[in-house]
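Structure at a glance
Spelled out from the first residue to the last, the chains are:
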Amino acid sequence: MHVKGESSMAESECIFCRIVNGEIPCAKVYEDDAVLAFLDLGPMAKGHTLVVPKRHCENLLAFPEEEAPALIAALKKVGNAVMQATGAGGFHVLQNNFPAAGQTVFHLHWHIIPRSEGDGMSLWAQGTYGEGEMAELAASIAERM
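Predicted, not measured: the structure shown is a model, and the values here were computed from it.

Turning next to the pairing of strand β1 (residues 28–31). Direction of pairing for β1 relative to strand β2 (residues 35–39): antiparallel, over a ladder of three bridges. Within β2, the residue paired with Lys-28 across the bridge is Phe-38. The antiparallel pairing of β1 with β2 creates a hairpin that spans three residues between the two strands.

Dropping the structure here:
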């Protein structure tokens, strides 16, 4: 059963809400009262799975903290099963918030992406901080907590 949540997007228009409600089929790998997990249609690797809270919320900032334990438990179960099923040596857990960070579906979700040594997938480019810049930015972030 889909749990109602607050959002600016109509849940009837949300593709993940429609999947959760059974209106659109998916390759389901896991479901419990709070979470649905299914294979991504455009996988970065075979076994790439989406873990979706059944409650509609657009991003992590809208996610109720009291639902975090069920979500973490599901991420662990799904990640372990994906690794075993694909023979992967590890997996990424990725989650994007807002368009600037690559979010294209505005229903909170996590990507479980299986990884193997030498699979050709690369991580992001790493940068550096100038003299004193790291401490200044850390202080600026901390004062906004």
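Past the structure itself, the notes keep going.
Confidence along the protein chain averages 92 in pLDDT terms, with 93% of residues attaining 70 or more. Counting contacts from residues 1–7, a segment whose pLDDT is below 50, to residues more than four positions away or on other chains yields 20 contacts.

This part is about the sheet that holds strand β5 (residues 110–115). Pairing within the open sheet is antiparallel, and its five strands lie in the order β1-β2-β3-β5-β4. Strands at the two margins of the open sheet, each flanked by one partner only, are β1 and β4 (90–94). Within the sheet, the average angular offset between the axes of one strand and its neighbour, ignoring direction, is 20°. Sheet analysis places strand β3 (residues 49–53) next to β5, joined by three bridges and oriented antiparallel. Along β5, the bridge assignment pairs Thr-49 with Ile-112. With respect to the sheet, helix α2 (residues 68–86) is in contact with β1, β2, β3, β4 and β5, its orientation differing from that of β5 by roughly 25°.

The next thing to look at is the environment of Gln-95. Positionally, Gln-95 belongs in the loop between β4 and β5. Its relative accessible area of 19% is what places Gln-95 among the buried residues. C-alpha separation for the pair Gln-95 and Arg-18, spaced 77 residues apart in sequence, amounts to 20 Å. Once you skip the residues sitting within four places of it in the chain, Gln-95 turns out to touch Leu-60, Leu-108, His-109 and Trp-110.

What counts and how
Residues numbered from 1 in each chain as written. Predicted model: local features only at pLDDT ≥ 70, side-chain atom pairs only at ≥ 80, totals over all residues. Heavy atoms only, no water. Pairing = 2+ DSSP bridges. Helix = DSSP H or I, 4+ residues; strand = E, 2+ residues; numbered from the N terminus. pLDDT = per-residue confidence, 0-100. Contact = heavy atoms within 4.5 Å. Axes fitted to C-alpha atoms, helices over the stretch in contact; angles between N-to-C directions. Buried < 20%, exposed > 50% of the residue type's maximum accessible area, 1.4 Å probe, protein only.

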